Amino acid sequence: MKLGFLASHGGSNMQAIIDACKSGELNATPAVIISNNAESGALAKARYEAIPHYHLSGKTHSSPEQLDQAILDTLLAHQVDIVILAGYMKKLGEQTLNRYAGAILNIHPALLPKFGGQGMYGIHVHEAVLAADEHETGATIHLVTEEYDTGAIIAQEKVRVIHGDTPKSLQDRVLKAEHALFKSILQNIAEGKICISGYKADY
Ligand code: GRF
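Q: Just to check I follow, could you spell out helix H6 (residues 167–190) for this structure?
A: Side chains that are three or four residues apart share a direction in an α-helix, a result of its 3.6 residues per turn. Taking 1.5 Å per residue as the helical rise, H6 with its 24 residues ought to reach 34 Å, and the 34 Å between its terminal C-alpha atoms agrees with that figure. Following H6 by one or two positions, Gly192 has its phi on the positive side, about 75°.

See the structure below:
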């Protein structure tokens, strides 16, 4: 199972998945990493890990259609089976969404459908959870469609909100849960225990 990552920032989820592939905990291969941000931690990690990596953005391709095509071509050139959005701050284009329908996963740092949608990213999510006085939050892995945070939910992991939590302390705890959830869900997909329409495990 070949994994293609799109990441905009630090790439800690991506790194956790790469580490799991290297340790054998996850039976998959990180095939390619694409970032819209030339300075991203994700691209630095890709260089360190010697995984093929590309900066593809509005700076490299001025038309959205050409950028979409370049992203799709890159994923296909590396024979990617599953596309992982690991903190990717851009929307995917129609061609990529169509070709990889049912095989693109995103992770969101809350229990969707709560605290999702436009503007709900990064620390804002955790601020909103605390402002709403929620007792629990968590991580959600879902299939990606053309709208933000609305595709079919594959799995969720709950995280308790503790008295005295700050947005940052909550973010740190949720991020740990994200890493564990992503590795385990991908392994379940690799083993055919979880079926997503865009990928058929060859177990
Ligand atoms: C994570 O919180 C994820 O849920 C969200 O973006 C963040 C990415 O973090 N989509 P990282 O780059 O994997 O550290």
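Q: Explain the environment of Thr166 to me, please; I cannot follow it from the model alone.
A: Here Thr166 shows up in the loop between strand S7 (153–160) and H6. In sequence terms Thr166 and His126 are 40 residues apart; their C-alpha atoms lie 8.2 Å from each other.

Q: Explain the packing of helix H1 (residues 12–23) against H6 here, please?
A: Helix packing for two helices is described by the angle between their axes and how far apart those axes are. At a closest axis distance of 9 Å, the pairing of H1 and H6 adopts a crossing angle of 45°. As far as their axial angle goes, H6 and H1 are oblique. Our pair here, H1 against H6, has a crossing hand that is right-handed. Between H1 and H6, the contacting residues are Ser12, Asn13, Ala16, Ile17 and Ala20 on the first element and Leu175, Glu178, His179, Phe182, Lys183 and Leu186 on the second. Of the residues that constitute the contact of H1 with H6, the class distribution is six nonpolar, three polar and two charged.

Q: Please clarify how the nonpolar core should be interpreted in this entry.
A: The nonpolar side chains of a soluble globular protein tend to be buried, and buried together. Judged by nonpolar contacts, the single largest core of 34 residues is most densely connected at Met1, Leu3, Ile17, Ile82, Ile84 and Leu186. In terms of residue count, the dominant contributor to this core is H6 (six residues). Counting contributing residues, this core receives three or more from each of domain 1 (1–100) and domain 2 (109–139 + 158–197). For Met1, the contacting residues outside a window of four places in its chain are Asn27, Ala28, Thr29, Asp81, Ile82, Leu186, Ile189, Ala190 and Tyr199. Grouped together as the second largest cluster of nonpolar side chains are 20 residues, Val32, Ala103, Ile104 and Val144 included.

Q: Which parts of the structure should I look at to understand the sheet that holds strand S2 (residues 29–35)?
A: Where strands meet in a sheet, backbone hydrogen bonds hold them as pairs that are either parallel or antiparallel. If you trace the seven strands from one edge of the open sheet to the other, you get S3-S2-S1-S4-S5-S6-S7, paired in mixed fashion. Since the sheet does not close on itself, it has two edges, and those belong to strand S3 (53–55) and S7, each with one partner. Averaged over all adjacent pairs, the angle separating strand axes in this sheet is 20°, with direction ignored. Contacts from H1 reach strand S1 (2–6), S2, strand S4 (82–85) and strand S5 (104–108) within the one sheet, and its direction differs from that of S2 by about 160°. The strands that H6 touches are S1, S4, S5, strand S6 (136–143) and S7; relative to S7, the one it contacts most, it runs at about 145°.

Procedures and definitions
Residues numbered from 1 in each chain as written. Predicted model: local features only at pLDDT ≥ 70, side-chain atom pairs only at ≥ 80, totals over all residues. Heavy atoms only, no water. Helix = DSSP H or I, 4+ residues; strand = E, 2+ residues; numbered from the N terminus. Expected span 1.5 Å × (residues − 1). Axes fitted to C-alpha atoms, helices over the stretch in contact; angles between N-to-C directions. Parallel < 35°, antiparallel > 145°, perpendicular 65-115°, else oblique. Left-handed = near helix turned anticlockwise from the far one by under 90°. Contact = heavy atoms within 4.5 Å. Nonpolar A, V, L, I, M, F, W, Y, C, P; charged D, E, K, R; others polar. Core = buried A, V, L, I, M, F, W, Y, C linked by side-chain atoms within 4.5 Å. Buried < 20%, exposed > 50% of the residue type's maximum accessible area, 1.4 Å probe, protein only. Domains from an automatic or database assignment. Pairing = 2+ DSSP bridges.

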